[in-house]
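# Summary of the model geometry
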Amino acid sequence: MPRLAVIIVSLVLTNFAASIATAAPADISDICFTPGGECTDIVVREVDAARRQVLVQAYSFTSAPIAEALVKAKRRGVDVRTVLDKSQKTERYSGATFLANGGVPVLIDSAHAIAHNKVMVIDGATVITGSFNFTKAAQERNAENLLVIRDAAIAAMYGRNWQEHAEHSEPFR
């Protein structure tokens, strides 16, 4: 019987490995590093290209160009929604304030010690993620990284995660 179990496990693992090998790889269209790379420009370009929806999760959000691109997207009819870390409530005039004043719904995730995500899900097909905070310091002074992934299955996973955090978050005031 142990020999049969080894054969079965071997067959299962072989089939699993074959299915992974034949799966289409995700399209990583941009990789950016700062300082030096133009990660903010990449984010703005992707937001500008959005047609239906942009879901944002962010720990720190002070980048004026990114905030302006999100408000512009909202004004052209894109469903833009954000879940930000609770630290955005204590900032004097944060990205949360700018976004809310621009008509973008802002939720605050206070359920965690830090809501440390740096993610955008665009049109259910593109994910922007990495260590890159949506801040001027991330662009100009910090060692950060950013990936743009074009894959609907990955975007769906990030979208579900966004929704989970939105459900336990509270509206920004």
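What comes next concerns the included structure. None of the values given here were measured: they were computed from a predicted structure.

## Here's the deal with the nonpolar core
- Phe 61, Leu 70 and Met 120 are the most contacted members of the largest nonpolar core, which totals 34 residues.
- If you list the elements that add at least two residues to this core, you get α2 (39–49), β2 (53–58), α3 (64–75), β3 (79–85), α5 (95–101), β4 (106–109), β5 (118–122) and β7 (144–150).
- Sort the elements by how many residues they give to this core and α3 lands first, with six residues.
- With sequence-adjacent residues up to four places away left out, Met 120 is seen in contact with Val 43, Val 47, Val 54, Leu 55, Val 56, Ile 66, Leu 70, Thr 126, Val 127, Ile 128 and Phe 134.
- Counting nine residues, the second largest nonpolar core, distinct from the first, contains Leu 55, Val 119, Val 121 and Val 127.

## Overview of the packing of aromatic side chains
- Summed over the entire model, instances satisfying the criterion amount to two aromatic pairs.
- Here Phe 61 and Phe 134 contribute two aromatic rings whose centre-to-centre distance is 5.9 Å and whose plane-to-plane angle is 65°, an arrangement assigned as edge-to-face. Taken together, the residues span a long stretch of sequence, with Phe 61 in the loop between β2 and α3 and Phe 134 in the loop between β6 (126–129) and α6 (136–140) at a distance of 73 residues. Take Phe 61 and Phe 134: they sit in the same class, and that class is buried.
- Between Phe 132 and Phe 134, the aromatic rings sit 6.4 Å apart at their centres with planes inclined by 70°, giving edge-to-face as the arrangement. The exposure classification of Phe 132 matches that of Phe 134, with both residues buried.

## Notes on unusual backbone geometry
- Of note, the bond from Thr 34 into Pro 35 is cis; its omega dihedral lies within 30 degrees of zero at -5°.
- With respect to the helices and strands, the residue Pro 35 is situated in the loop between β1 (27–34) and α2.
- Within the chain, Asp 123 stands out as a residue other than glycine whose phi angle is a positive 55°.
- If you trace the backbone, Asp 123 turns up in the loop between β5 and β6.
- Look at Asp 123 and you get buried, because its relative accessible area is 14%.

Conventions and cut-offs
- Residues numbered from 1 in each chain as written.
- Predicted model: local features only at pLDDT ≥ 70, side-chain atom pairs only at ≥ 80, totals over all residues.
- Heavy atoms only, no water.
- Core = buried A, V, L, I, M, F, W, Y, C linked by side-chain atoms within 4.5 Å.
- Buried < 20%, exposed > 50% of the residue type's maximum accessible area, 1.4 Å probe, protein only.
- Helix = DSSP H or I, 4+ residues; strand = E, 2+ residues; numbered from the N terminus.
- Contact = heavy atoms within 4.5 Å.
- Phe/Tyr/Trp six-rings, centres within 6.5 Å; stacked < 30°, edge-to-face > 60°.

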